[in-house]
Amino acid sequence: MTPPLVEKPPCPVNSFNEWDPLEEVIVGVVDGATVPPSHIALKATLPDDQHDFFRKNAGKPFPPEQIAAAKKDLEELVRLLEAEGVKVRRPEPIDQLKPFGAPGWTSTGLYAAMPRDVLLVIGNEIIESPMAWRSRYMETSPYRPLLKEYFRGGAKWSAGPKPELRDGLYVYDWMEGKPGEPTRYVITEFEPTFDAADFIRCGRDIFAQKSNVTNDFGIEWLRRHLGDTYRIHVCEFDDPHPMHIDATLVPLAPGKLLINPDRVPKVPELFKGWDVFKAPRPIMPAEHTLYMTSKWINMNVIMLDEQRVVVEKSDEPMISCFKKWGFKPLLCNFRNFNSFGGSFHCATADVRRRGTLQSYF
Ligand code: NVA
C-alpha cells in the first residue's frame, strides 16, 4: 500500500535577500550589556573618543540608565514590527560578566543586542559566525534555544569552524594606515573568522567586505560552504575602520541600492543599471554617545518588504529621502539603542521572508 502523501511543513527559516516580505525576525536584547575587556581587536574599530571609556570600564556593565533607554527603543521596535504583522522572537539574555575562554585567554562578554552580527541566514540555513572578538566568542549562546527550535522545524543549522582566537590572529602592533594607504586590518589570516554583518544578500549574489573581524580565510570558508549556488563578491570601500557592511552598501529592493557617499567612491560593477541612492549625511548630534560606530548607522535600515522601511524617528533627512525615492518609511525611536553600536539592521536577523532564491543581476 502506498503511504498517504504527507505535506512537508514549510521551513521556519527562509530568507534569501533583504527585501522579500518579512514574516519572522529575531530582535536583540540589550539587557546585561557589558564593556568588553581591553583588546587590540577593539582598537581598530572603536571611535577615537571612546578608547578612554573602554579602558576605564573594561569588564563592567554599560551605564544602567543607557541600557534602560535602549531597551525602551527595542520595545518600540518590537511593537512596530508586530503591528506590521511580523512575528518577533528574542534571544535569552546570559550573564555577560561570567568569564569564559579557550587555551591562552579569558574574557567576559558583550551583549545579545545585535543578532545580525552573529547569525547569517542564507535560504533555509542559519550559520553561526566564527567571530574574531574574544568577547563575542560565546555570543551565539543566547540564540541557541531558537536555533534548536528552527532546526527541529526543518532548518539547516551550521557554524563556521570554531576559532581558537590565539594571539596569532591579531596584529598587536596595529596602527591606522596613512590616508591613501591600503587598509590595515587588525586580524591576520591565522584561521577563518567572520561576522555575519560583513555580508549582505541579494539572492544568488552575496556582497561581502574584508574587515577588522572578517578575513579572506573566513570569506573563502563561507564561499566553499555555500557552494556554486551562491556567488560571493568581495567589495572594497574607502573605510579606514571596516567592520560590518550595512552602513556602507545596503540593497533595498531589486534595482535599488543605498550607498554611503563617503565610503563608496565607485559602485560595484554588478549594480550597473540599478538606481543608486546616496544616503543623506547623518544628523546625529555630536554630543550623542556612540560607543562603537560612526554616525552612518543612519543607513542601517531594515526593509519589511520592497516598500516599507523602518527609519529612525528623528532622522528627517533620511525620512524625506526615502519618501522621495518611493519607499514607505515607518518611524521608530532608536537613538538610545544606536549608542550601543547599530541600528535597525544590526538589531535584527530576519529568519523568514516570503520568497524564493532568485538572481537579480
Ligand atoms: N562599522 C560601521 C557600522 C556598521 C553597522 C560604522 O561605524 O559606520
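All values derive from a computational prediction rather than experimental measurement.

A. Molecular detail of the overall build of the protein. A count of helices and strands for the protein gives eight helices and 17 strands. Seen through its C-alpha atoms, the protein measures out along the principal axes to roughly 65 × 55 × 40 Å. When each of the 361 residues of the protein is scored for burial, the buried share is 57%. When the accessible surface of the protein is split by element, carbon and sulfur atoms take 53% of a total near 15,600 Å². If the 45 positive side-chain charges of the protein are averaged to one point and the 49 negative ones to another, these points end up 2 Å apart.

B. Structural detail: the pairing of strand 11 (residues 249-253). Most of strand 11 is tucked away, with five of its five residues classed as buried. In textbook terms, the turn of a hairpin is the stretch between consecutive antiparallel strands, and for strand 11 and strand 12 (residues 256-259) this stretch comprises two residues, one of which, G255, has a positive phi near 80°.

C. Layout of the site of the ligand. Around the ligand, the neighbouring residues are M243, H244, D246, A247, R263, T293, S294, I297, N300 and C346. In the environment of the ligand, an oxygen atom lies 2.8 Å from a nitrogen or oxygen atom belonging to the side chain of R263. Contact with the protein chains hides 92% of the accessible area of the ligand, taken as 270 Å² for the molecule alone. Taken together, the residues of the shell around the ligand break down into four nonpolar, four polar and two charged.

D. Geometry of the sheet that holds strand 11. If you trace the three strands from one edge of the open sheet to the other, you get 11-12-13, paired in mixed fashion. What marks the edges here is a single partner per strand, and that holds for strand 11 and strand 13 (275-278). On average, adjacent strands in this sheet sit at an angle of 25° to one another, irrespective of strand direction. Relative to strand 12, strand 11 is paired through four bridges, and the arrangement is antiparallel.

E. Local environment of the nonpolar core. Counting 53 residues, the largest nonpolar core has F62, M292 and F340 as the members making the most contacts within it. Every element with two or more residues in this core is listed here: strand 1 (22-27), helix 1 (40-43), helix 3 (64-83), strand 3 (100-102) and strand 16 (328-332). With sequence-adjacent residues up to four places away left out, F62 is seen in contact with A33, T34, V35, F53, F54, I67, L110, Y291, M292 and F340. Counting residues in each nonpolar core, the second largest holds 18 residues, with W296, V311, M318 and C321 among its members.

F. Representation of the pattern of salt bridges. Per the counting criterion, the structure on display carries 32 salt bridges. Among the salt bridges present, the one from R55 reaches D52, with a minimum N-O distance of 3.3 Å. Here the residue R55 and the residue D52 both occupy positions in helix 2 (residues 51-57), the gap between them amounting to three residues, near one helical turn. Classification of R55 as exposed rests on a relative accessible area of 54%. One salt bridge in this structure joins R166 and E164, with 3.3 Å as the shortest N-O distance.

G. Region of interest: the side chain of D239. Looking at the element boundaries, D239 is found in the loop between strand 10 (231-235) and strand 11. A residue is classified by how much of its surface remains accessible, and D239, at 9% relative accessible area, is buried. A polar contact of 3.0 Å, which involves the side chain of D239, links it to the backbone nitrogen of H241.

Each value, and the rule that gives it
Residues numbered from 1 in each chain as written. Predicted model: local features only at pLDDT ≥ 70, side-chain atom pairs only at ≥ 80, totals over all residues. Heavy atoms only, no water. Helix = DSSP H or I, 4+ residues; strand = E, 2+ residues; numbered from the N terminus. Buried < 20%, exposed > 50% of the residue type's maximum accessible area, 1.4 Å probe, protein only. Areas by Shrake-Rupley, 256 points an atom, 1.4 Å probe, with all protein chains shown as cover. Lys, Arg positive; Asp, Glu negative; His and termini not counted. Charge placed at Lys NZ, Arg CZ, Asp CG, Glu CD. Pairing = 2+ DSSP bridges. Near = heavy atom within 4 Å. Polar contact = N/O pair within 3.5 Å; in protein donor to acceptor, adjacent residues only side chain to side chain. Nonpolar A, V, L, I, M, F, W, Y, C, P; charged D, E, K, R; others polar. Axes fitted to C-alpha atoms, helices over the stretch in contact; angles between N-to-C directions. Core = buried A, V, L, I, M, F, W, Y, C linked by side-chain atoms within 4.5 Å. Contact = heavy atoms within 4.5 Å. Salt bridge = Lys/Arg side-chain N within 4 Å of Asp/Glu carboxyl O.

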